[in-house]
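Breakdown of the fold
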Amino acid sequence: MPTLIKLFSMQEVSLHNSNHDCWVVIDGKVYDVTTYLDEHPGGDDVILAATGKDATDDFEDAGHSNDARELMKSFCIGELDMSSSPAIPELEISHKKQETDVAQKLLNLTKQHWAVPIAMVGISVVAGFLYIMRKK
C-alpha cells in the first residue's frame, strides 16, 4: 500500500524557526529536529541558522556521516511542496564575443580613460622643456 506523504510549503516551514519548534529542509524533505537540538554535536545554533530555507548545502558542507544520515530519517515529517515554492529563475548565459587582440584592448582602455595618456604626454613635455631650459 502506498504511503501518503505530507507536503509543506517553504512559507509554512519557515514559521517553525525557534528552539521550541524547529523545522529544516534538506534535499526536498522536511525534518522536525526540535527534539534533536540539544543532542546535535555542532550545537543548536547551527541548526537554528538553517531554518526557514533550504539547508541542503549547509548539511552537505558539514560532511555528515552515514550514521547522521540514517538518524535524519527518524525526524522526517514530509516533503517540500515544490509547486508552492517560487520558481527559480533561469541563469542567462551571455555569448559576448571575447576580445583577444591586445592592441584592441589597449585602444578600448585609452578610449575609456583618455586622461591618463594625455597626462603622461603633458608631463613629458613639461619635463623636456625644463631640461632644455636648465641646459641654457
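Structural data are supplied above this passage.
Just so you know, these numbers come straight off a predicted model, no measurement behind them. (Residues numbered from 1 in each chain as written. Predicted model: local features only at pLDDT ≥ 70, side-chain atom pairs only at ≥ 80, totals over all residues. Heavy atoms only, no water.)

All right, on to the pairing of strand β5 (residues 76-80) then. Bridge analysis of strand β1 (residues 7-8) against β5 gives two bridges, and the strand direction is parallel. Each residue of the ladder has a partner; that of leucine 7, found in β5, is glutamate 79. The sheet contact formed by strand β4 (residues 29-32) and β5 spans three bridges and is antiparallel. Opposite tyrosine 31, over in β5, you have cysteine 76 as the bridge partner. (Pairing = 2+ DSSP bridges. Helix = DSSP H or I, 4+ residues; strand = E, 2+ residues; numbered from the N terminus.)

The next subject is the side chain of histidine 40. Counting through the fold element by element, histidine 40 comes out in the loop between β4 and α2 (44-48). Under the relative-accessibility criterion, histidine 40 is labelled buried at 14%. Non-local contacts of histidine 40, meaning those with residues more than four positions away in its chain, are made with Val46, Ile47 and His64. (Buried < 20%, exposed > 50% of the residue type's maximum accessible area, 1.4 Å probe, protein only. Contact = heavy atoms within 4.5 Å.)

Turning next to the packing of aromatic side chains. Inspection of the entire model under this criterion finds two aromatic pairs. Ring centres 4.9 Å apart and planes at 70° place the aromatic pair phenylalanine 8 and tryptophan 23 in the edge-to-face group. Taken together, the residues span a long stretch of sequence, with phenylalanine 8 in strand β1 and tryptophan 23 in strand β3 (residues 21-26) at a distance of 15 residues. Considering the side-chain rings of tyrosine 36 and phenylalanine 75, the 5.4 Å spacing of their centres and the 45° angle between planes classify their relative orientation as tilted. Note that tyrosine 36 is positioned in the loop between β4 and α2 and phenylalanine 75 in the loop between α4 (66-72) and β5, a separation of 39 residues in sequence. Assigned by exposure class, tyrosine 36 and phenylalanine 75 land together as buried. (Phe/Tyr/Trp six-rings, centres within 6.5 Å; stacked < 30°, edge-to-face > 60°.)

Counting 13 residues, the largest nonpolar core has Val24, Ile26, Tyr31, Val33 and Ile47 as the members making the most contacts within it. If near-sequence neighbours (up to four positions away) are discounted, valine 24 is found in contact with Lys29, Val30, Tyr31, Val33, Ile47, Ala50 and Thr51. By size, the runner-up hydrophobic cluster in this structure holds six residues, among which are Phe8, Val13, Trp23 and Val25. (Core = buried A, V, L, I, M, F, W, Y, C linked by side-chain atoms within 4.5 Å.)

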